[in-house]
Amino acid sequence: MISVSLNEIYSETYKALRSVKTEWSLAKDCANKAKWLAQHDQYFLGSILKTADLYKNNKISISINKNTKKKPLAAALAGLLLVEYVSANKITWEGYIDSSKFLLAAMGIIAEEQQINLILENDQKNIIAFTKDKEIYVNANLDTKISSYYFLKTYNFIKKKNIKFTNLKKNTNVTKLNDKCWERLKSLAFETYVPESETSKYGAGY
């Protein structure tokens, strides 16, 4: 394990996604969500590497309206766009999601910034998570891996029944990560650097 700052996580994630030609705005959103997940003790490195590979091979979607089981919406890239879309239009969105933990991160970020009440359900209409009073609460007994089809909407009232929800709390500004996965991410991020040339030297101030 290796200790990494949240700023390093943001920077390396952003560069890693840019190395596979991800749009800068989507790479930035992904980096913000990765930082949020790390700050809330949620694992994310493997999903970032998977997302980069799927995006490079055109096997995930970044369209809110166009996604399928074979080509689901990349929550790591478009999660914040989806949450903002649902929040602004007060609609129920449904569709296939890849790496739903990044959608939880997007919900948490928007809840903290805008105090919007959102609820995420799976295809069995089980509540996966909801936001309230700038916090996000996650169903502690539900495995999000069993479903790839989700419903996201705003709400005024939730009937939670007898479900235990865990409030994801922030930790410190440094987190411990798997060193091998971190090195793989940094290696991917390194590919964004411009090879040294007379032009690059001039731009760098030589």
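Residues numbered from 1 in each chain as written. Predicted model: local features only at pLDDT ≥ 70, side-chain atom pairs only at ≥ 80, totals over all residues. Heavy atoms only, no water.

1. Brief notes about the nonpolar core
- Counting residues in each nonpolar core, the largest one holds 58 residues, and the members touching the most others are Ile9, Phe44, Leu82, Met107 and Leu152.
- In this structure, Leu82 is in contact with Ile64, Leu73, Trp93, Ile97, Leu103 and Leu152, ignoring residues within four places of it in sequence.
- Formed by five residues, the second largest nonpolar core is a distinct cluster that contains Ile119, Ile127, Phe130 and Phe165. (Core = buried A, V, L, I, M, F, W, Y, C linked by side-chain atoms within 4.5 Å. Buried < 20%, exposed > 50% of the residue type's maximum accessible area, 1.4 Å probe, protein only. Contact = heavy atoms within 4.5 Å.)

2. A word on the pairing of strand 6 (residues 135-139)
- The sheet contact formed by strand 5 (residues 127-132) and strand 6 spans four bridges and is antiparallel. Residue Lys132 lies in a different strand from strand 6, and its bridge partner there is Glu135.
- The hairpin formed by strand 5 and strand 6 contains two residues between the paired strands, and Asp133 there has a positive phi angle of roughly 50 degrees.
- Relative to strand 8 (residues 165-167), strand 6 runs antiparallel, the two being bridged by three bridges. Bridge pairing in strand 8 places Asn139 opposite Phe165. (Pairing = 2+ DSSP bridges. Helix = DSSP H or I, 4+ residues; strand = E, 2+ residues; numbered from the N terminus.)

3. Some points on the environment of Lys169
- Relative to the helices and strands, Lys169 is located in the loop between strand 8 and strand 9 (174-177).
- Between the alpha carbons of Lys169 and Glu135 there is a distance of 8.2 Å; along the sequence they are 34 residues apart.
- With near-sequence residues (within four places) excluded, Lys169 lies in contact with Gln39, His40 and Glu135.

4. Brief notes about helix 5 (residues 101-114)
- In a regular helix each residue adds 1.5 Å, so 14 residues correspond to 20 Å; helix 5 covers 20 Å between its end C-alpha atoms and thus fits that length.
- Among the 14 residues that make up helix 5, ten are buried, leaving the element largely enclosed by the rest of the structure.
- Listing the buried residues of helix 5 in full gives Phe102, Leu103, Leu104, Ala105, Ala106, Met107, Gly108, Ile109, Ile110 and Ala111.
- Backbone geometry just after helix 5 places Gln115 at a positive phi near 55 degrees. (Expected span 1.5 Å × (residues − 1).)

5. Overview of the packing of helix 2 (residues 24-39) against helix 5
- Running from N to C, helix 2 and helix 5 point in directions that differ by 90 degrees, and their axes come no closer than 9 Å. The angle between helix 2 and helix 5 falls in the class roughly perpendicular. Between helix 2 and helix 5, the residues in contact are Asn32, Lys33, Ala34, Trp36 and Leu37 and Lys101, Phe102, Leu104, Ala105, Ala106, Gly108 and Ile109, respectively. (Axes fitted to C-alpha atoms, helices over the stretch in contact; angles between N-to-C directions. Parallel < 35°, antiparallel > 145°, perpendicular 65-115°, else oblique.)

6. Some remarks on the pairing of strand 3 (residues 93-98)
- In this structure, strand 2 (residues 73-74) lies alongside strand 3, joined through two bridges in parallel fashion. The residue bridging Ala74 from the neighbouring strand is Asp98, located in strand 3.
- The β-α-β motif built from strand 2, the intervening helix 4 (residues 75-89) and the parallel element strand 3 has right-handed crossover chirality.
- With four bridges joining them, strand 3 and strand 7 (residues 149-154) adopt antiparallel strand pairing. Note that in strand 7 the partner of Glu94 across the bridge is Phe151. (Right-handed = clockwise from strand over helix to strand, strands pointing away.)

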